[in-house]
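Coordinate analysis (summary)
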Amino acid sequence: MRIRKALFPAAAGLLALAAVAFAAPVLTARPAVAEQEVEVWKSPTCGCCKGWVEHLRAAGFAVTVHDVDDVQPMKTMAGVPDRLASCHTAKVGGYVVEGHVPAADIRRLLGEKPRALGLSVPGMPADAPGMDMRTGEPYSVVLFGSPDGDKVYARH
């Protein structure tokens, strides 16, 4: 009887270690950051918008797409200035994302949480995500709607 009592605590300890060892791969397989929800308003026929949505999904964002015939009302409602407009508008984490903004810049925005309306890549730069033309032409991401005014947030 004494032998069983003496062995049981050791066996329980080994079982606990085994459980941790088997659970560790499952725990580390989960993403470090939960998926962030992104809502996108775009034309149903725009191929570059579809490419940008796929770029976001590949980066781990959960994307809901609203195909609309006219994106302009959403841009106006979101406060996107005409000079910063592009082909699609999105909302994420309380911010507006206009155009082909790289996923890494969106993650940075969500991490830094600046006082601003959001980010824009004005127009449709050839090398921006979704356009993917690989011309080598640089483009900028603009932080807009900040108390300090618009500023370049990133250069690519």
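Just so it is clear, the model here is predicted, and its values are computed rather than measured.

Reading guide: rules and limits
- Residues numbered from 1 in each chain as written.
- Predicted model: local features only at pLDDT ≥ 70, side-chain atom pairs only at ≥ 80, totals over all residues.
- Heavy atoms only, no water.
- Phe/Tyr/Trp six-rings, centres within 6.5 Å; stacked < 30°, edge-to-face > 60°.
- Lys NZ or Arg CZ within 6 Å of the ring centre and 35° of its normal.
- Helix = DSSP H or I, 4+ residues; strand = E, 2+ residues; numbered from the N terminus.
- Buried < 20%, exposed > 50% of the residue type's maximum accessible area, 1.4 Å probe, protein only.
- Polar contact = N/O pair within 3.5 Å; in protein donor to acceptor, adjacent residues only side chain to side chain.
- Contact = heavy atoms within 4.5 Å.
- Expected span 1.5 Å × (residues − 1).
- Arc of directions from axis to C-beta.
- Disulfide = S-S within 2.5 Å.
- Salt bridge = Lys/Arg side-chain N within 4 Å of Asp/Glu carboxyl O.

1. Overview of the packing of aromatic side chains
The final tally for this structure, using the stated rule, is zero aromatic pairs. Residue placement shows Arg 107 over the ring face of Phe 61; its charged tip is 4.1 Å from the ring centre. In this arrangement the basic side chain of Arg 108 is found over the ring face of Tyr 153, its NZ or CZ atom lying 3.7 Å from the centre.

2. A word on the side chain of Ser 120
Mapped onto the fold, Ser 120 is located in strand E5 (residues 118-121). Residue classification places Ser 120 among the buried residues on the basis of a relative accessible area of 0%. Side-chain polar atoms of Ser 120 contact the backbone oxygen of Leu 84, separated by 2.6 Å. Setting aside residues up to four positions removed in sequence, Ser 120 forms contacts with Leu 84, Glu 98, Val 101, Ser 140, Val 141, Val 142 and Phe 144.

3. Some details on helix H2 (residues 47-58)
With 12 residues, H2 extends 17 Å between its outermost C-alpha atoms, agreeing within 8% with the 16 Å of an ideal straight helix rising 1.5 Å per residue. If you check which residues of H2 are buried, you get Cys 48, Cys 49, Trp 52, Val 53 and Leu 56. The buried side chains of H2 occupy one side of the element, clustering within an arc of 145° when seen end-on. Within two residues after H2, Gly 60 carries a phi angle of roughly 100°, on the positive side.

4. Focus on the environment of Val 96
Inspection of the secondary structure puts Val 96 in strand E4 (residues 95-99). Measuring from C-alpha to C-alpha, the distance between Val 96 and Gly 145 comes to 9.8 Å, with 49 residues separating the pair along the chain. Sequence-distant contacts of Val 96, that is, excluding residues within four places in its chain, are made with Ala 78, Val 80, Thr 89, Ala 90, Lys 91, Leu 117, Gly 118, Leu 119 and Phe 144.

5. A word on the state of the cysteines
Formally, a disulfide is one covalent bond, and it connects the sulfur atom of one cysteine to the sulfur atom of another. Applying the stated criterion across every chain yields a total of zero disulfides. Sulfur of Cys 46: no disulfide; nearest cysteine sulfur belongs to Cys 49 and is 3.1 Å away. When its relative accessible area of 16% is taken as the criterion, Cys 46 is described as buried. The closest cysteine sulfur to the non-disulfide-bonded Cys 87 is located on Cys 49, 3.5 Å from its own sulfur.

6. Considering helix H4 (residues 103-112)
Three or more residues of H4 are buried, namely Ala 103, Asp 105, Ile 106, Leu 109 and Leu 110. The buried residues of H4 all sit within an arc of 160° when viewed along its axis, so they share a single face. In H4, those exposed residues whose orientation departs by more than 90 degrees from the buried face are Ala 104 and Gly 111. For H4, the elements touching its buried residues are H2, strand E3 (89-92), E4, E5, strand E6 (140-144) and strand E7 (151-155). Positive backbone phi, at 50°, marks Lys 113, one or two positions downstream of H4.

7. Some remarks on the pattern of salt bridges
Opposite charge on two side chains allows them to pair when their charged atoms are near. Evaluated as defined, the whole model comprises five salt bridges. Lys 42 is the partner of Asp 67 in a salt bridge, and the nearest nitrogen-oxygen pair spans 2.8 Å. Here Lys 42 lies in strand E1 (residues 37-42) and Asp 67 lies in strand E2 (residues 62-67), a separation of 25 residues in the sequence. Owing to a relative accessible area of 45%, Asp 67 belongs among the partly exposed residues under this scheme. Its relative accessible area of 3% is what places Lys 42 among the buried residues. A salt bridge links Asp 150 to Arg 83; the shortest N-O distance between them is 2.4 Å. Within this pair, whereas Asp 150 is found in the loop between E6 and E7, its partner Arg 83 is found in the loop between helix H3 (72-78) and E3, the two being separated by 67 residues in sequence. With a relative accessible area of 33%, Asp 150 lands in the partly exposed category.

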